[in-house]
Amino acid sequence: MVKLTLSSTKGTGARVFPHAGFLALTPLKIEGVVRTRLDEDNKYILASDVFVAVRCYEARIGRAGVSQTNLLVDYCMQLWSKPAGEQWAELGNGEWPFRLVLPPKVAGQGYSTASFQEYRVFWRVEAVLNHIPMTGLGSRQVKTYDLPLMRYDAGEPLPLAPSTWAQVGSSKSPTSLRYIINTPPFSLGPLELLPVSLKLSPSGPTASVHSVELAIERRLEFNHFPRDVASIDLNSTTNLVERPPPSPKSSSSSTFSSSSKVNTSIIASVDASDIPRDEKTGLFMKTVTLQIPAQKSSSHWAIGQTMQTPLVTLRFFLRIKVTLSTFESFDLAERELTIVSANESDRRQAMNMVRARSRDAARLPSPPPSPKAPRRPHTSSGPGTGRAKKSRSSRGTDAGTGGNTSGFPLPSPPSSLSPSFLPPHSPTSLAAEYHSFTPAHSPLPASSDCNSTSNTNNISDATPSTTNTNTADSFLSSPPPTSQIVQAWEEELERIAAQSRRRSAEMRGGSMKEKGRRIRMKIGIGIGIGGRG
């Protein structure tokens, strides 16, 4: 039997998988190693393929657990595959380093990791081995790690609402209220302030505004979703294709927009009294400020962000209630708000980190490979699964697929990122900045459909080998270093080796002298005692 493992290049001590980059703002990089190891019985397994994927799921939670699931993002790389024309092939020991780089547009189809009472969004990195069906074991092995990702983009701004007068009143009461509401059209993140400008004009000559109540209401609407499409096994790899969420600007007649259930909650509120009246215009005017609550940890229910998927529609609304001196109250027309997971300060801090890393990488060249690194001959039998031509007794240590056992990956070249920057303090500057941010090396072709056979001819580079040029990370192989750099490194290594030998010799000589001195002291003491006797 064969055992499948998934590990990070930085270790797997944590419950989550390490990653680099910022979701939906910069390219998201995930590096690791997928391994297959023979058990003590040294029996190979008949398999069809091995691949690694980064996926974003959404799930609806009921009383009995998860009732519906849907796949939002599926970005995968095939690491190994059977030869063309064969249904299965033998697989033994193997090792496949991988590096997945998700562009912002692809990763942006998912949302921040969040948990609600009846709904959940989460990311995973998964390694999957599809093999021949076996009784009690199924047809695949899956190893997963969670990815706690948060979106850093600014979201889609809402259309600017017209600043015109509106009127509200009751036919049973002679009193009415004319008003104008002004809210910012841009998106808001945690701890950012929402200024709301109000102009109020009661109809009665003696009526005045007593107080104003403002609240931000969150509405989680569960959409009608086909059961046959939504029943996705989280450990399955069949019928998992990328399903981009519908546009937030889609009409209410969309397939997924008829809601069956709505959960509402107030996430922020404020009361304002003593509304001043302008003597010239006779209007009651005041600007009231609300603060968006901070994002909570994973152990608490999330605040969420504006989103629309096949399963749910999550929106935020500003609700205003005005109470007059006549003790009559009016509910004004609600305003929709765009709430995102990261505020402007978080986005600028993220881009500053990216700039600093790119500058450091440009200043420090990558060291050349060690001249003493052992080189093992290539013993792979090709891109297929072919068993290495070894004796039966050596099958427990040599892979039938020619696994990469050298353990000396080539160094990565320095990153030469050159983002273009726009003037700061502009919401569009960051958008243009991360759209222009592209890595110097393009990743291997990755597909949004792990079952696609169109890229099976391109998997030879991901086949395990005893050399490091055929790994899934081969696109990072650096150009040959210059002769000056190689000579400098060789001289430095020789100097270090000579210094180490000299220190070892000094330590050995010192220890011998100390040992001789102790022996002479013991002999002298013995002679002195004998003379006195």
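Further up the page is the structure itself.
Now for a quick tour of the structure.

Brief notes about the overall build of the protein
Point 1. Helix and strand counts for the protein come out as five helices and 19 strands.
Point 2. In the protein, which comprises 533 residues, the share counted as buried stands at 41%.
Point 3. In the form shown here, the protein has an accessible surface area of approximately 28,700 Å², with 53% of it arising from carbon and sulfur atoms.

As for the packing of aromatic side chains
Point 1. Applying the stated criterion to the full structure yields four aromatic pairs.
Point 2. With a centroid separation of 5.6 Å and 50° between ring planes, the pair formed by Phe17 and Tyr145 is classed as tilted. With Phe17 in the loop between strand E1 (2-8) and strand E2 (28-38) and Tyr145 in strand E9 (residues 138-147), this pair connects stretches of sequence that are 128 residues apart. Each member of the pair, Phe17 together with Tyr145, is buried.
Point 3. For the pair Tyr57 and Phe122, a centre-to-centre distance of 5.4 Å together with 25° between the ring planes defines the contact as stacked. Residue Tyr57 is located in strand E3 (residues 45-62), and its partner Phe122 is located in strand E8 (residues 119-134); the two are separated by 65 residues in the primary sequence.

Some words on the pattern of salt bridges
Opposite charge on two side chains permits them to pair, given that their charged atoms come into close proximity.
Point 1. If you walk through the whole model with that rule in mind, you get 15 salt bridges.
Point 2. One salt bridge connects Arg99 with Glu31, and the closest N-O pair in it is separated by 3.5 Å. Remark: Glu31 occurs in strand E2 and Arg99 occurs in strand E6 (residues 94-102); sequence separation between them is 68 residues.
Point 3. On the basis of relative accessible area, Arg99 is assigned to the buried category, the value being 15%.
Point 4. Since its relative accessible area comes to 24%, Glu31 is described here as partly exposed.
Point 5. Between Glu217 and Arg319 there is a salt bridge, and its shortest N-O distance comes to 3.0 Å. Of the two residues, Glu217 is situated in strand E13 (residues 209-223) and Arg319 in strand E17 (residues 312-324); the sequence distance between them amounts to 102 residues.
Point 6. Through salt bridges with shared partners, a single ionic network connects Glu217, Arg219, Arg319 and Glu334.

Considerations on helix H3 (residues 344-363)
Point 1. Here H3 is 20 residues long and its end C-alpha atoms lie 29 Å apart, about the 28 Å a rise of 1.5 Å per residue gives.
Point 2. Within H3 the residues assigned to the buried category are Arg347, Ala350, Met351, Val354, Arg355 and Ser358. Down the axis of H3, the smallest arc covering the buried residues is 135°, so these residues share one side.
Point 3. A side-chain oxygen of the first residue of H3 lies 3.2 Å from the backbone nitrogen of Ser345; this N-cap is Asn343.

A word on the sheet that holds strand E15 (residues 284-291)
Point 1. Here four strands make up an open sheet; going across it, the order is E10-E11-E12-E15 and the pairing antiparallel. Strands with a single pairing partner mark the edges of an open sheet, and in this sheet they are strand E10 (166-169) and E15. In this sheet, neighbouring strand axes are inclined to one another by 30° on average, regardless of whether the strands run parallel or antiparallel.
Point 2. Taken together, the eight bridges between strand E12 (residues 193-202) and E15 define a ladder with antiparallel strand orientation. Residue pairing in the sheet places Val196 in a bridge with Val288 of E15.

A short note on unusual backbone geometry
Point 1. Positioned with a positive phi, Asn42 is a non-glycine residue whose angle comes to about 55°.
Point 2. A residue is classified by how much of its surface remains accessible, and Asn42, at 32% relative accessible area, is partly exposed.
Point 3. In the Ramachandran plot, Asp274 falls in the positive-phi region, its phi being about 55° despite a non-glycine side chain.
Point 4. With respect to the secondary-structure elements, Asp274 resides in the loop between strand E14 (259-273) and E15.
Point 5. Classification of Asp274 by relative accessible area gives exposed; the value is 70%.

A short note on the sheet that holds E1
Point 1. What the three strands build is an open sheet, ordered E1-E2-E6; its pairing is antiparallel. Unpaired on one side and paired on the other, E1 and E6 mark the two borders of the sheet. Each adjacent strand pair in this sheet contributes to an overall mean axis angle of 20°, direction not counted.
Point 2. With seven bridges joining them, E1 and E2 adopt antiparallel strand pairing. From the neighbouring strand, Val2 faces E2, where its bridge partner is Leu38.

Some points on the side chain of Glu192
Point 1. Relative to the helices and strands, Glu192 resides in the loop between strand E11 (176-182) and E12.
Point 2. Nearest to the buried, unbridged Glu192 among oppositely charged side chains is Arg347, at 5.0 Å.
Point 3. Among all residues touching Glu192, those that are not within four sequence positions of it are Ser187, Leu290, Gln291, Ile292, Asn343 and Glu344.

Basis of the calculations
Here the residue numbers are simple positions, counted from 1 along each chain's written sequence. Where local features are concerned, this predicted model is filtered to residues with pLDDT of at least 70; where side-chain atom pairs are given and counted, the filter is 80 or more; whole-chain, interface and lining totals use all residues. The side-chain quantities take in all heavy atoms of the structure and omit both hydrogens and water. By the criteria applied, helices consist of DSSP H or I runs no shorter than four residues and strands consist of E runs no shorter than two, each listed in order from the N terminus. Think of it in three bands: residues with accessible area under 20% of the maximum for their type are buried, residues over 50% are exposed, and the middle band is partly exposed, with areas taken using a 1.4 Å probe on protein chains only. Only the protein chains shown count as cover for residues, with accessible areas throughout obtained via the Shrake-Rupley method and a probe of 1.4 Å. A pair of Phe, Tyr and Trp rings is counted when the ring centres sit within 6.5 Å of each other, with Trp represented by its six-membered ring. The angle between the planes then sorts it: under 30 degrees is stacked, over 60 is edge-to-face, the rest tilted. The term salt bridge refers to a side-chain nitrogen of Lys or Arg lying within 4 Å of a carboxyl oxygen of Asp or Glu. The span one expects for a helix is its residue count, reduced by one, times 1.5 Å. This arc is built from the directions going out from the helix axis to the C-beta atoms. In protein, a polar contact means a hydrogen-donor-capable atom and an acceptor-capable atom, both N or O and within 3.5 Å, with residues adjacent in sequence counting only if both atoms are side-chain atoms; elsewhere, any N or O pair within 3.5 Å suffices. Any two strands with at least two DSSP bridges between them are considered paired. As a rule, the C-alpha atoms of each element are fitted with a line to give its axis, helices using only the stretch in contact, and angles between N-to-C directions run from 0 to 180 degrees. When charges are counted, neither His nor the chain ends are considered; positive counts come from Lys and Arg and negative counts from Asp and Glu. Should any heavy atoms of two residues lie within 4.5 Å, those residues are considered in contact.

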